[in-house]
Amino acid sequence: MKRWMWGLVVLAGLAAAVRLLARFPWGDTGAALLGAHLPLLAAAIGVNLVSPVAKGWAWHLLLQRVAPHRWRTAQEATIVGTAVNSVSVGVTGDAARVALLVRKEGVPVRAATLAVAWSRVVEAIGLALFLALAPLVLHLPPALRGVQWGAAGAILTVFVLARLRGWARLIVRLPRSFRGPAVELARMGLGPRLVAPVALACLNWLAQWATYYLALRATGLDVSGAAAFTALLAANLGSLGRLTPGGVGLMQAAIVGALLPFGIAAERAVAGGLVLQAIQVLPVLGLAGALVGWSGIRASLLGEKEIEEAA
């Protein structure tokens, strides 16, 4: 009975999606795409490449304290992981970049994986800082004020925890199986060691925001900095589950919903979302292929089995 019910729900969803797609004004979307401003698109592509570099650098700084490796290899692994994420679902990209770094530098799988987890925390801290400071330069919608207060509270919590002195005693009391990873995490990023990675995380979010602004402007959308920032938040939240390859469809839907309150028509917002997806995917795929070759990308994907065995 449950299977039948789920089947009916899926069929109803598909029927609604087909009807929506058939009635959507794709002509206006196509016209917006064809009329895109090329210099702004070129600027958006260049700025967007700052994002994976900042991510890779932060990951390198966190991991370097427990597993020395070359900065260039960490950057290669991050580019490859970003490229894999752009065409896959789930966390395949993270597994691919860990596998590449393990294969090229011989770093322990556990250390590389823990550094990825820490880098995600650092990105969240950077986003919280970005949210807390955004009102100084942007006039954000009232709906985001609660999010800003939550971000400020999260930053204060992180600061208080970083100042506590009892981490060593707490780690000693952990079960033996958890003690090793806890020590490595503490060596990576407790106290002032987080300053540089968090600064790079802020640079990553700043680059993403600028990419959204430039790309949306390039498609003829009269967006403000606040509108681009809102679209950035919505797209990242909408793609958390990564239910589709690279978040295709989910990203465009999130951008449409974010820009409607700013008076942007849905068909033009879809055009902006498609351009953004192309900017974020195609150059990174090309760069990953140039750095390690397509055989290197495939080898990183095959290396996921090693990650699973070590986990």
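Placed above this text is the structure.
Computed from a predicted model, the values in this text were never measured in an experiment.

Caption draft 1: Structural context of the nonpolar core. Counting 34 residues, the largest nonpolar core has Y212, F229 and L259 as the members making the most contacts within it. Breaking this core down by element, the ones donating at least two residues are α3 (38-48), α7 (109-133), α11 (195-218), α12 (225-238), α13 (250-259) and α14 (266-302). Leave out the neighbours within four places in its chain, and Y212 touches A228, A231, L232, A235, M251, I255, L276 and Q280. Core analysis: the second largest hydrophobic core is formed by 24 residues, L100, A111, V284 and A288 among them.

Caption draft 2: Inspection of α13 at higher detail. Burial runs high along α13: seven of the ten residues are buried. Those residues of α13 not exposed but buried are M251, Q252, A254, I255, V256, A258 and L259.

Caption draft 3: Up close: the side chain of R97. Position of R97 relative to the elements: it lies in helix α6 (residues 92-105). By relative accessible area, which is 5% here, R97 ends up buried. For R97, the contacting residues outside a window of four places in its chain are W59, A77, T78, G81, V116, S119 and R120.

Caption draft 4: Fine view of the environment of G273. Among the secondary structure elements, G273 is positioned in helix α14. When the C-alpha positions of G273 and A253 are compared, they lie 8.3 Å apart, and in sequence the two are 20 residues distant. Setting aside chain neighbours within four positions, we find G273 in contact with M251, Q252 and I255.

Rules used in this analysis
- Residues numbered from 1 in each chain as written.
- Predicted model: local features only at pLDDT ≥ 70, side-chain atom pairs only at ≥ 80, totals over all residues.
- Heavy atoms only, no water.
- Core = buried A, V, L, I, M, F, W, Y, C linked by side-chain atoms within 4.5 Å.
- Buried < 20%, exposed > 50% of the residue type's maximum accessible area, 1.4 Å probe, protein only.
- Helix = DSSP H or I, 4+ residues; strand = E, 2+ residues; numbered from the N terminus.
- Contact = heavy atoms within 4.5 Å.

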